[in-house]
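Structural characterization, general
Listed below, chain by chain, are the residues.
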Amino acid sequence: MEPVAEKSYTWTQTVDSITITIPMRRVAASKVDVYLSETYIKVNATSIKLVVVLDLFKAIQYRSPKNRTQMHDDGLELYLQKAESEEWPQLCYAGPKEELRKRREESIAREKQEEEERAQKTEKAKRGMGDEAYKAYADSADAQRKQIQAKKAEEKTKAEQDVYETLEKLETASEVQRPLVAQVRSSASQDIFADGDIRLASTVVAPAKVREQAIHKIGFTEKKYPLLAARETQLKEPPLPKAAMQAMDKQGEPLSFEEKNPLWLKEKGDNFFNNNDFVSALNAYTKSLEGDSGFLKCYLNRATCYLKVRAYKNCIQDCDKIEELLGKQKKDDDAEFYEKMAMRAYVKKAAALCWMGQIDEALKYYEKALEFNSRMSEAEADTLKNDIARIKMRSESSKKKEEADKLLMDAKLLEALEAYKAIPNHANEYIYANMSLAYLKLGSYEQCIECVEKALLIVRSFQKDTYSFEPDHKLEVKLLLRRGKSFDALKRYKEAKSDLDFCVMYEPGNAEAVGLLKVVQQNLNTQILKETKEAGQKLQAEKKFAEALEKYEQCLKVTKREVSLDNISIYINKIGCLLSLGKHDKAIQDSEAAIRLIQKYKLSLIHISEPTRLLSISYAVFCLKKKKKKKK
């Protein structure tokens, strides 16, 4: 299977990773199969009959835990780590088919070999773990058994001593000499009393007095979990108390002690965050805060998650909560900790305000954070100062941009372009967007495309690992629509269709994009039909009839066998190829289809206002009228 055509996907890269987005609509994630190896990717969506095959330019770490495959509104997103940190000039490797096939087979073979070795190691590890677990269990059971036996022996000895002491007291009280105590003590038997001893005591010993009450404390092994009920055997799990039974998970299973521990939940959220699973991290942090509403670090980490998923208002709310809790704490105990928390909360709140476009307000909080520079490392302080400088430059360029925007609104396009270019540090996506609009109106389509690409590069580089969480694509849609119009004007219909497809996917209700997409699709079909038909005719002239047949079939798929002279001529050429190949049955079927097409074409030429007549008469009348018009 050949790789997909260019522009059926989009991709971006950093030095360490690549992100591939494949447009898919109304496709469930369970219906998509993704296969990865070092240099080969295959995506198969059976529900929409889509297969994407990519031979990568260089190797990737296809088993990296940082890799991510997610389904979003704009399609399937593959986030993959590169094997080596470097920029790629292109995504796919370009080479001869035989070289690509060999390269692909080697990549698949290496993946299978690694999978087999991994399975063998896992099986070996399981066996080893099983043996170790059984040995540990046996050692534990043996230790418990010895402990119980020692405890029983100790209690038995103590009970015997109590009996001996009681007998001695009785002997002293009755002033009777009895060898019973000596006999018992010298006896090697483990029984406390023998039958002869009892008979002797009944004949000699006087009635015993009632013993005084005494409390004998018996020690037991301390329970690991005091709140859990005791177990009858070590082989059964202990029953849970009623309070624990009330806490169930979604599957109806009782929650463990760890799953309700705020600290454990916070660490779980940290693991999710480190693996770029921000939604799961948010859930873990929220559960942790349900158990401890004053957990400052958890609020700070959740604010970071909200910043990653672009929920800026929620991030600001968590930062405000931190500030509120810090106001209630006594800072004398651990001043350094509280100051660091305040500093980090201010930085995150300022970042959220920047993303929301509130630059002046954000600068205030950055300045507040800078007041705690004594709690920062030198690198952190320098980074914060650089961020503040960049934001101030952005604010200044935005103000100068407003002056150029007025010229653009007054249709002074050339003056507006000069004003935009004169702005220092004009690497601003909105400046490039407005410049692209001016170039589009001037008919400078190449310059328009160049400005759009610069703006898109800036937009898509923001928080690259969380680009899929962006809820609003208005600026991107505007840019893609302008580039699509430019491609259409330059008759680069494939590229125009790719851009317009993304516009419609982001904004299905955009009437301008939908209308332009229909026009571009018609132009693209006409272009493809012309190129494919010419290629088929060339192959037919070279007597390569089988290859020519494939081209003619592609033409009919493009036109959807509509009623037109082009389709009639394609059928005639196709029938000629079939006859040359000796496929007479297929030639007859296509001849019948061509005849039906000709008849429909004739009917379409008859004016709808003519009275109903026989087909032959109506067609004859039409031909006579056409001849009269030519004579005039």
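Everything in this summary refers to the structure shown in the same document. (Residues numbered from 1 in each chain as written. Predicted model: local features only at pLDDT ≥ 70, side-chain atom pairs only at ≥ 80, totals over all residues. Heavy atoms only, no water.)

Details of the overall build of the chain
Stated precisely, the cut-off is as follows: Strands are runs of DSSP state E lasting at least 2 residues, helices are runs of H or I lasting at least 4, and numbering of each runs from the N terminus. Relative accessibility decides the category of a residue: with a 1.4 Å probe and only protein chains considered, values under 20% of the type maximum give buried, values over 50% give exposed, and everything between is partly exposed. Here, two residues are considered to be in contact whenever any of their heavy atoms come within 4.5 Å of each other. Computed with a 1.4 Å probe, the accessible areas rest on the Shrake-Rupley method; for each residue, only the protein chains presented here act as cover.
When helices and strands are counted, the chain shows 21 helices and 7 strands. The buried share of the chain, reckoned over its 632 residues, is 33%. Contacts in the chain between residues far apart in sequence, at least 24 positions, make up 56% of those at least 6 positions apart. Only carbon and sulfur atoms are counted for the fraction: they give 52% of the accessible area of the chain, which is about 41,000 Å².

A short note on helix α18 (residues 545-559)
As a reminder of what qualifies: What a helix should span is 1.5 Å times the count of its residues minus one.
End to end, α18 covers 21 Å across 15 residues, agreeing with the expected 21 Å (1.5 Å per residue, within 8%). Contacts from the buried residues of α18 go to α17 (511-541) and α19 (565-581). Within two residues after α18, Lys560 carries a phi angle of roughly 55 degrees, on the positive side.

Side note on the side chain of Thr39
Within the fold, Thr39 resides in the loop between β3 (32-36) and β4 (40-45). Residue Thr39 is classed as buried on the basis of its relative accessible area of 8%.

Focus on the nonpolar core
Where we set the bar: Remark: nonpolar core denotes a set of buried residues (Ala, Val, Leu, Ile, Met, Phe, Trp, Tyr, Cys) joined through side-chain atoms within 4.5 Å.
By size, the foremost hydrophobic cluster in this structure holds 47 residues, and its most contacted members are Leu296, Cys315, Ile322, Leu326, Tyr366 and Leu384. Element by element, the count of residues in this core is highest for helix α9 (residues 335-355), at 11 residues. Ignoring any residue separated from it by four or fewer positions in sequence, one finds Tyr366 in contact with Val347, Ala350, Ala351, Cys354, Leu384, Ile388 and Ile391. The next biggest cluster of nonpolar side chains, apart from the first, holds 41 residues, and it includes Leu408, Val452, Leu475 and Tyr493.

So, the sheet that holds strand β5 (residues 50-55)
Inclusion rule: In this scheme, strands are said to pair when DSSP sees at least two bridges between them. The axes are straight lines fitted to the C-alpha atoms, using for helices just the contacting stretch, and the angles between their N-to-C directions are given from 0 to 180°.
Strand order in the open sheet formed by 3 strands is β3-β4-β5, with antiparallel pairing between adjacent strands. Each of the sheet's edge strands pairs with one partner strand only, and the pair in question is β3 and β5. With direction set aside, neighbouring strand axes in the sheet form an average angle of 5 degrees. Here β4 pairs with β5 via 6 bridges, running antiparallel. Looking across to β5, one finds that Val43 is bridged to Val52.

Quick notes on the sheet that holds strand β1 (residues 10-13)
The strand order across the open sheet formed by 4 strands is β1-β2-β7-β6, and the pairing between neighbours is antiparallel. Only two strands of the sheet have a single neighbouring strand rather than two, namely β1 and β6 (68-72). Taken over all neighbouring pairs, the strand axes of this sheet differ in orientation by 15 degrees on average, direction set aside. Two strands pair when backbone bridges link them, and β1 and strand β2 (residues 17-22) are joined in this way by 4 bridges, in the antiparallel orientation. By the bridge assignment for β2, Thr10 is matched with Thr21.

Things to note about the packing of aromatic side chains
As a reminder of what qualifies: Pairing of aromatic side chains requires ring centres within 6.5 Å, counting the rings of Phe and Tyr and the six-membered ring of Trp. Pairs whose planes differ by under 30 degrees are stacked, by over 60 edge-to-face, and all others tilted. Look at NZ for Lys and CZ for Arg. If either is within 6 Å of the ring centre and within 35 degrees of the ring normal, a charge sits over the ring.
As enumerated under the stated definition, the model contains 7 aromatic pairs in all. With a centroid separation of 5.4 Å and 65 degrees between ring planes, the pair formed by Phe273 and Phe278 is classed as edge-to-face. You can call Phe278 buried: its relative accessible area is 2%. Ring geometry for Phe337 against Tyr338: centres 5.4 Å apart, planes inclined by 70 degrees, an arrangement best described as edge-to-face. Here Phe337 falls in the partly exposed class, since its relative accessible area comes to 27%. In this structure an aromatic cluster arises from ring pairing among Tyr346, Tyr365 and Phe372. Arg68 extends its terminal NZ or CZ atom over the ring of Tyr79, reaching a point 4.8 Å from the ring centre.

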